[in-house]
Structure formats: C-alpha cells, structure tokens
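The residues making up each chain are set out below.
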Amino acid sequence: MARYDIKHKTTYRYAFPVNVSHHSARLQPLSDDRQSCESFQLNISPSSVDLIERIDYFGNTMQMFSVQELHESLEVESRSKVIVTAEALDLSSLDLSCAFCSEAINNFRFPDNIDAKQFVYATDTTQPTDEVEAFARRFVQPEAPIGKALSDMLDAFATEFTFDPTATEVSTPITQVLEQRKGVCQDFAHLMISALRSQGLAARYVSGYILTEPPEGQERLEGADASHAWLSVYVPKEGWIDVDPTNRLVCGDQHIRVSVGRDYFDVSMLKGAVTGGGEQKLSVEVTVRPVD
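Residues numbered from 1 in each chain as written. Predicted model: local features only at pLDDT ≥ 70, side-chain atom pairs only at ≥ 80, totals over all residues. Heavy atoms only, no water.

## A few points about the pattern of salt bridges
This is how it is decided: When a carboxyl oxygen of Asp or Glu lies within 4 Å of a side-chain nitrogen of Lys or Arg, that pair is called a salt bridge. A run of H or I in DSSP becomes a helix once it reaches four residues, and a run of E becomes a strand once it reaches two; helices and strands are each numbered from the N terminus.
Under the counting rule described, the total for this entry stands at eleven salt bridges. A salt bridge links Arg 138 to Glu 160; its shortest N-O distance comes to 2.7 Å. Remark: Glu 160 occurs in helix 4 (residues 146-160) and Arg 138 occurs in the loop between helix 3 (130-137) and helix 4; sequence separation between them is 22 residues. In this structure, a network of salt bridges that share partners links the residues Arg 138, Glu 160 and Arg 181.

Next up, the structure:
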C-alpha cells in the first residue's frame, strides 16, 4: 500500500486575449477496489463562471468549466491525495490460454465479460494493420498462456523500442511507431492495445501517474514529474490487469490511475476550445510525492 500527494498544474499563455473558453478536465484519480482518492481540489484562474461535475461513460470523474471573461492566460491546478492498494501480479500465474480469454468475452453468462467486449474493437487511433497483427502474433498464440504472451510482449518493448519524446506527436500513427521503434508512453500503450485487440483480446487505455525516483543523493524536485499512460488487459476470472510497456512493469502501488477509456482521446486530462487567443504556449508541472 502507498499514499501519495499529487499536484498537477497546467498553464496556457495566449498571444492575444481570449474572449471565452470551454474546457473539460479528467484529473481526479479513480476510486475503486485498488485505490482510493481521499481528497481532490481543482483550482482555476481566472475563476470559472460555470463548473459542473459528472461521471463519464467509462466511470471517470470529469469537471467541465467555462471562463467567460477576457483572459491572457489560464491556470488549472489539481491537488489529490490517493491511497493505492494494488499489488503487482505475477504474470506467470495467468495460465488461461489466449484463445480461451478471447472466446470468453463472448460468453454472455458472465456480465464482466460482456462489459469487457467493448474494448476489443479498434478505434481510429488503434486500427490494426498487417504489420501490427504480425507483431501481435509473435506473442499471442491460441494455446499460449495469456500471462506468458503479455510477459513476452513487455520484453519486446523493453529490448526493441526506445523512449524518445522527440520521435512522435499526438497524431503519430502506430504504424510509424512500430516501424521506427521509437515513441513515448502514449505510443507504446496504443501499439500494445492495438496488437492485443487484433487477436480478439480486450485492452483499454489508462491515464495517470507513476512514482519516479530522483537521482541518488538529490531531493525530489517540485513539478519535475509527468503524467503517464499504460494499459489494462482483461483476463477472465482475474479481471483487468494493468501493464506498463514503457517501463516493462506489471503495475502495482507505484501507478496511480486517473481515468480509463478506449484510447488517449477518451481520457485526455485537459482539453477545450477558446475564442480568440492566437498562438498559445503550454506548460505542465506535475509533482507525485509519496507520503509516509
């Protein structure tokens, strides 16, 4: 079990005044049987005229707000206190075959399987190609244990791919990520999701944070962390198993989940539309601090 204080500050600075802006934020960590969000605050400057909160289709908490006054900058800061009780599962214990996991999703006698079925279908961002399917078949064989398939695929990301924040953008297709073997956590999550779905397995995108350690002998720097992305794979009788291809990890209490969806565009932490403003500059500061 681990406790965290999390601060996430996003600042937009505009070249010209913005007349009005509308935004949606998914910044509040999830609360379920694996973690609990003890408190959450959302501070907006300039003050929001209208703010409403709702639960979206995937069960994520979302705040929607409008700023209806002239402003040359917008600051959105969230503060959360979270307890994570999740433990990393040993993938070798997952001995159900890949074929069984795929077929079980169509068994309507089990409601959890039916709910997972929606995460089998491709999205625009996770469309499989022949190359993606070939990559998937290296690991996902019908009689192979699902745990071994996931472990081998994580090994491939660790040994064959390079984390490179300059190699891709939000719109970079997964085919390019697979070809150049470079990208960031969002790219690797999308590619692994697409590969698993191409073989009939259910996988969903997870947005959140991961605890990072400062270099030995140095203090933890305020604002030096970042948001993170990984994925969950549905295994019948076990439920959703979180794995992190960027770090070759089965997720435990070092990962803090904020929201889940089909891909990044379902769970973007902050997005919106503005009237006016011209060119904008964006800065993001994240601090994930463990609490004894």
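Once the structure has been displayed, the description carries forward.
## A few points about unusual backbone geometry
Put simply, Ser 45 and Pro 46 share a cis peptide bond, and its omega is 0°. Here Pro 46 shows up in the loop between strand 2 (35-45) and strand 3 (50-55). Look at Lys 237: it is not a glycine, yet its phi comes out positive at around 75°. Backbone geometry at Arg 248 places phi at a positive 50°, although glycine is not the residue there.

## Considering the packing of helix 3 against helix 6 (residues 185-198)
Applied cut-off: Lines fitted to C-alpha atoms define the axes here, with helix axes fitted over just the stretch in contact, and angles between the N-to-C directions of these axes take values from 0 to 180 degrees. Relative orientations are named as follows: roughly parallel for angles under 35 degrees, roughly antiparallel for angles over 145 degrees, roughly perpendicular for angles from 65 to 115 degrees, and oblique for any other angle. Residue contacts are defined here by distance: any two heavy atoms, one from each residue, within 4.5 Å place the two residues in contact. Only Asp, Glu, Lys and Arg are considered charged, only Ala, Val, Leu, Ile, Met, Phe, Trp, Tyr, Cys and Pro nonpolar, and every remaining residue, Gly among them, polar.
Orientation of helix 3 relative to helix 6, taken along the N-to-C sense of each, is 80°, at an axis distance of 8 Å. Relative to helix 6, helix 3 is oriented roughly perpendicular. Across the interface between the two elements, Val 132, Glu 133, Phe 135 and Ala 136 of helix 3 pack against Leu 191, Ser 194, Ala 195 and Ser 198 of helix 6. Residues belonging to the contact of helix 3 with helix 6 are distributed by class as follows: five nonpolar, two polar and one charged.

## Side note on the state of the cysteines
One covalent bond between the sulfur atoms of two cysteine residues makes up a disulfide. Keep this limit in mind: We call a pair of cysteine sulfur atoms a disulfide whenever their separation is within 2.5 Å. Relative accessible area decides the class of each residue, using a 1.4 Å probe on protein chains only: under 20% of the type maximum gives buried, over 50% gives exposed, and in between gives partly exposed.
Per the counting criterion, the structure on display carries zero disulfides. The thiol of Cys 37 is unpaired, and the distance to the nearest cysteine sulfur, on Cys 251, comes to 18 Å. Residue Cys 37 is classed as buried on the basis of its relative accessible area, which comes to 15%. With no disulfide partner, Cys 98 has as its closest neighbouring cysteine sulfur the one in Cys 101, 6.4 Å distant.

## With respect to the nonpolar core
In plain terms, the rule: Remark: nonpolar core denotes a set of buried residues (Ala, Val, Leu, Ile, Met, Phe, Trp, Tyr, Cys) joined through side-chain atoms within 4.5 Å.
Of all hydrophobic cores here, the largest spans 41 residues; its most connected members are Met 153, Met 192 and Leu 196. Elements with a contribution of two residues or more to this core: helix 1 (98-104), helix 3, helix 4, helix 5 (174-180), helix 6, strand 8 (203-210), strand 9 (227-235) and strand 10 (239-244). Considering each element in turn, this core owes the most residues, eight residues, to helix 6. When neighbours within four sequence positions are excluded, Met 192 is seen to be in contact with Leu 150, Met 153, Leu 154, Phe 157, Leu 231, Val 243 and Pro 245.

## Some words on the pairing of strand 5 (residues 71-84)
Residues in a regular strand point their side chains to alternate faces of the sheet. The condition that has to hold: Paired strands are those between which DSSP finds at least two bridges.
In the sheet, strand 1 (residues 2-25) pairs with strand 5 via 13 bridges, with the strands oriented antiparallel. Each residue of the ladder has a partner; that of Lys 7, found in strand 5, is Arg 79. In this structure, strand 2 lies alongside strand 5, joined through ten bridges in antiparallel fashion. Note that in strand 5 the partner of Asn 43 across the bridge is Glu 77.

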